[in-house]
Amino acid sequence: MINAAGATVFRVALGGHRLTITHTDGFPVESVTVDTLQLASGERYDLAVTLADGAFPLVAVAEGKNAQALGVIRTATGPTPPPDANPTELAGRLLDLTDLRAAPAVRTAQRPPDVSHTAYLTGDMNTFAWRINAQTYNHHRPYDGITPMTVHEGQHVQLVLVNQTPMYHPMHLHGHTFTVRAAGDSGGTTETPLPAGIRKDTVMVAPGDRLTIDFTADNPGQWLVHCHNAYHMATGMAAMLSYRTQP
Ligand SMILES: [Cu+2]
């Protein structure tokens, strides 16, 4: 399942069925079974489902937009679900990031970071000016007006994503995959360590949440770190991960 939408978080459920999550962003996880899950722009989840006999609504609710998309999975004759089908699974057990553990083969060793950067995600619906660390990324002049997050090749890098807005921000790092190492609130009062943190390349930072991710700087270049909401990115919610030559 891929959320290929530019600016919508979908909540997905299949009427009469539970969903077993097996992978996220292509990386295997220890299987966990839920009723519903949210996908933000750019995120991928692999699911396993054992289908019953009949015709079932596959519903994707556009979060906060009072709309939904409907597909039908049919394995037998029976009435077609209506467009406004509202399977009870939508209100059931929702997948949480803290439910997920990486499969052993794709876990990364936890070690103290060589360098740590923090990305404060800010903006509001009134001004619709979305930023990282109070700086606006300019797509026409990408090196102007922003302070790059500098790293050296080989460093173990920690990146803390702090959502200080009431909106979802699916954050995507180019050139690398990362491990999600901890989840907490933006004020820093709670934090849940994720000892078998999942590997991803796009992670949804929910309103008021703080996620800590880490990765090894093993792909020299100048890489974007950005919100995958197309409108947020267009107004400036992007930053630069910048490899520098060792002094
Ligand atoms: Cu965003």
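Residues numbered from 1 in each chain as written. Predicted model: local features only at pLDDT ≥ 70, side-chain atom pairs only at ≥ 80, totals over all residues. Heavy atoms only, no water.

### Quick word on the overall build of the protein chain
Here is step 1: Within the protein chain, the secondary structure is distributed over 1 helix and 19 strands.
Here is step 2: In terms of overall dimensions, the protein chain is globule-like: its C-alpha atoms have a radius of gyration of 19 Å, near the 18 Å expected for 247 residues.
Here is step 3: Approximately 11,500 Å² of the protein chain is accessible, and the part contributed by carbon and sulfur atoms is 53%.
Here is step 4: A distance of 2 Å separates the average location of the 16 positive side-chain charges in the protein chain from that of its 21 negative side-chain charges. (Helix = DSSP H or I, 4+ residues; strand = E, 2+ residues; numbered from the N terminus. Rg over C-alpha atoms; globule rule 2.2 N^0.38 Å. Areas by Shrake-Rupley, 256 points an atom, 1.4 Å probe, with all protein chains shown as cover. Lys, Arg positive; Asp, Glu negative; His and termini not counted. Charge placed at Lys NZ, Arg CZ, Asp CG, Glu CD.)

### As for the pattern of salt bridges
Here is step 1: Across all of its chains, the model carries 12 salt bridges by this definition.
Here is step 2: A salt bridge links Glu63 to Arg11, with the shortest nitrogen-to-oxygen separation between them at 3.0 Å. Taken together, the positions of Glu63 in the loop between strand 6 (55-62) and strand 7 (67-74) and Arg11 in strand 1 (residues 10-14) put the pair 52 residues apart, joining distant regions of the chain. Like Glu63, the residue Arg11 is buried in the burial classification.
Here is step 3: The partner of Arg181 in a salt bridge is Asp214, and the shortest N-O contact between them spans 2.9 Å. In this pair, Arg181 is assigned in strand 13 (residues 178-185) and Asp214 in strand 17 (residues 209-216), connecting sequence segments 33 residues apart.
Here is step 4: Take Asp214: its relative accessible area is 7%, and that puts it in the buried class.
Here is step 5: One network of salt bridges, in which partners are shared, links Asp25, Glu43, Arg44, Lys200 and Asp201. (Salt bridge = Lys/Arg side-chain N within 4 Å of Asp/Glu carboxyl O. Buried < 20%, exposed > 50% of the residue type's maximum accessible area, 1.4 Å probe, protein only.)

### Some points on the coordination of the copper ion
Here is step 1: Listed as protein donors to the copper ion are His169 (ND1), Cys227 (SG) and His232 (ND1); their distances from the metal cover 2.0 to 2.1 Å.
Here is step 2: All donors to the copper ion come from one chain, and their sequence spacing reads H-x57-C-x4-H. His232 matches Cys227 in its accessibility class, with the two residues each being buried. (Donors = N, O, S within 2.8 Å, 3.2 Å for Na, K, Ca; no water.)

### Considerations on the domain arrangement of the protein chain
Here is step 1: Once the domains are mapped, the protein chain shows domain 1 (10-95) and domain 2 (105-243).
Here is step 2: Between the C-alpha centres of domain 1 and domain 2 the distance comes to 28 Å.
Here is step 3: Of the residues lining the interface, 14 residues belong to domain 1; the matching set on domain 2 comes to 13 residues.
Here is step 4: Here domain 1 packs against domain 2, burying approximately 1,100 Å² in sum over the two surfaces, 59% of which is carbon and sulfur.
Here is step 5: The interface formed by domain 1 and domain 2 includes 4 salt bridges.
Here is step 6: Linking Asp201 and Arg44 is a salt bridge whose minimum nitrogen-to-oxygen distance equals 2.8 Å.
Here is step 7: Residue composition of the side of domain 1 that touches domain 2, by class: 5 nonpolar, 4 polar and 5 charged. (Domains from an automatic or database assignment. Contact = heavy atoms within 4.5 Å. Buried area = accessible area lost by both parts, 1.4 Å probe. Nonpolar A, V, L, I, M, F, W, Y, C, P; charged D, E, K, R; others polar.)

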